[in-house]
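Next come the chains, spelled out residue by residue.
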Amino acid sequence: MVFCMVVTLAGCGASGGASTSNDALDLWNDDAQAKNELISYMEAITDENNSDYIPAENRIAVFDMDGTILCETDPYYFDHCLLKYRVLDDPDYSSRASDFEKDVAQRIQAIFDGDEDVEVSMEEHGQAVASAFSGMTIEEFEDYIDEFKAQPSPGYDGMTRGEAFYKPMLQVIDYLQDNDFKVYIVSGTDRFIVRGIAKGTLDIPRNQLIGSDETLVAPEQGDTDGLDYSFDDDDELVLGGDFIIKALNMNKVTVIAQEIGIQPVLSFGNSTGDSSMAEYATSNNPYRSLAFMLCCDDTERENGNIEKADKMYELCEEFDWVPISMKNDWKTIYGDGVTYKAD
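So, how was this worked out
- Residues numbered from 1 in each chain as written.
- Predicted model: local features only at pLDDT ≥ 70, side-chain atom pairs only at ≥ 80, totals over all residues.
- Heavy atoms only, no water.
- Patch = residues over 30% accessible without salt bridge, like charges linked within 9 Å, V, L, I, M, F, W, Y side chains within 5 Å.
- Areas by Shrake-Rupley, 256 points an atom, 1.4 Å probe, with all protein chains shown as cover.
- Salt bridge = Lys/Arg side-chain N within 4 Å of Asp/Glu carboxyl O.
- Lys, Arg positive; Asp, Glu negative; His and termini not counted.
- Charge placed at Lys NZ, Arg CZ, Asp CG, Glu CD.
- Helix = DSSP H or I, 4+ residues; strand = E, 2+ residues; numbered from the N terminus.
- Buried < 20%, exposed > 50% of the residue type's maximum accessible area, 1.4 Å probe, protein only.
- Core = buried A, V, L, I, M, F, W, Y, C linked by side-chain atoms within 4.5 Å.
- Contact = heavy atoms within 4.5 Å.
- Axes fitted to C-alpha atoms, helices over the stretch in contact; angles between N-to-C directions.
- Parallel < 35°, antiparallel > 145°, perpendicular 65-115°, else oblique.
- Left-handed = near helix turned anticlockwise from the far one by under 90°.
- Nonpolar A, V, L, I, M, F, W, Y, C, P; charged D, E, K, R; others polar.
- Polar contact = N/O pair within 3.5 Å; in protein donor to acceptor, adjacent residues only side chain to side chain.

Asker: So, a negative patch on the surface: which residues are in play, and what are the values?
Answerer: A surface patch of negative charge is lined by Asp 113, Asp 115, Glu 116, Asp 117 and Glu 119. Within the fold, Asp 113 resides in the loop between helix H4 (99-112) and helix H5 (122-132). Judged by relative accessible area, which is 61%, Asp 113 ranks as exposed.

In structure tokens form, the structure reads like this:
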């Protein structure tokens, strides 16, 4: 993952060329392929005299979250860690957790402990999250996430769970926004968890934070279908307890079409769960487009996995995605004072 190249361009915005400065991507090494390709791309698509020019209203970028801008190895996805804590460790809830929730959480704990024979399906996890937080208002759920974010990061010294963002990727988001891009997060994590994680770090409007979905209901609604129930001034929205859809693979494409309504020109991901989104951005696009994929090849500053990284490099070669090397492209991952606690 490398985004470097010291470039100073006159002008900025839609008509004057790419808006950048010498330090816009200064956490990227100068020889990083991804950095240089992004800057070259930006120079072209922001120049009205260039055949690759893209009007500002069509400058749409989509980002996965876990493993793309946020640590997913602490020791696992944020939302899986949150569920495990809620069901097994939260003294205010653990005694009330359902047998289903406990079974899912215990299997997640087994995965944390390195048991390679245990699996938790995306549907099981999504339903367990929905039911474990059922009845909370959206604000109460986000407050709960805030408290969890404040816990020390178990796999790293020097940061909390909520600070585990990849700083070079935050620079990319800022760089895109400075060049009139509208940035969306399209994550497999629950939509309200995405919003809770993003709060305080990502300067992205809430309606551009997209994730998996669960039901919302009025507290007195009961089993009454929403077609037969009317919200009134005494009502409020609470989590309904039922999982709807996991925003991974093809579901990322459909949610982009439904909620954004414009084909992205840039895609950033890190796994095969993001491949459909990457191909959607780069296939039959009327505008010049690129897909970037992070490769988890840093085992000193991050809990990397060389086997998975090599597979992603192979996929990048096959599908013409731009690889980002966490090891070779970035000067830092989490910033000064943060160290990975290797086993």
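Asker: Account for the nonpolar core, with residues named and values stated.
Answerer: Across soluble globular proteins, you tend to see nonpolar side chains buried next to one another. Phe 63, Ile 69, Met 169, Leu 176 and Leu 266 are the most contacted members of the largest nonpolar core, which totals 79 residues. For Leu 176, the residues in contact, after removing those within four places along its chain, are Leu 38, Met 42, Ala 61, Phe 63, Phe 181, Val 183, Leu 266 and Phe 268. Residues Val 62, Val 186, Ile 256 and Ile 260 belong to the second largest nonpolar core, which totals 9 residues.

Asker: Explain the pattern of salt bridges to me, and be specific about the residues and the numbers.
Answerer: All told, the structure shown has 19 salt bridges when counted by the stated rule. With a closest N to O distance of 2.6 Å, Glu 259 and Arg 191 form a salt bridge. Remark: Arg 191 occurs in helix H8 (residues 191-198) and Glu 259 occurs in helix H9 (residues 250-259); sequence separation between them is 68 residues. Overall, Glu 259 belongs to the partly exposed group, its relative accessible area being 36%. Salt bridges sharing common partners tie together Glu 142, Asp 146, Lys 149, Lys 199 and Arg 206.

Asker: Could you give an account of the packing of H9 against helix H10 (residues 275-282), naming the residues involved and the relevant values?
Answerer: One can describe the packing of H9 onto H10 by two numbers: an axis separation of 6 Å at closest approach and a directional angle of 50 degrees. The angle between H9 and H10 falls in the class oblique. In the crossing of H9 with H10, the sense of the turn from one axis to the other is right-handed. In this structure, H9 contributes Met 250, Lys 252, Val 253, Ile 256 and Ala 257 to the contact, and H10 contributes Ser 276, Met 277 and Tyr 280. The residue inventory of the contact of H9 with H10, partitioned by class, reads 6 nonpolar, 1 polar and 1 charged.

Asker: Which residues make up the side chain of Asn 58, and what values do they have?
Answerer: When you line up the elements, Asn 58 lands in the loop between helix H2 (33-45) and strand S1 (60-63). Here the side chain of Asn 58 touches Tyr 287 through a polar contact of 3.3 Å, side chain to side chain. For Asn 58, the contacting residues outside a window of four places in its chain are Ile 262, Val 265 and Tyr 287.

Asker: So, unusual backbone geometry: which residues are in play, and what are the values?
Answerer: Trans is the common state for peptide bonds, and a negative phi is the common state for residues other than glycine. For the bond from Asp 74 to Pro 75, the omega torsion is -5 degrees, close enough to zero to count as cis. Note on placement: Pro 75 falls in the loop between S1 and helix H3 (78-89). A positive phi angle, near 55 degrees, is found at Asn 249, a position not held by glycine. As for its position among the elements, Asn 249 is in the loop between strand S5 (238-245) and H9. Of the residues examined, Asn 249 reaches a relative accessible area of 39% and is grouped as partly exposed. Positioned with a positive phi, Asn 284 is a non-glycine residue whose angle comes to about 55 degrees.

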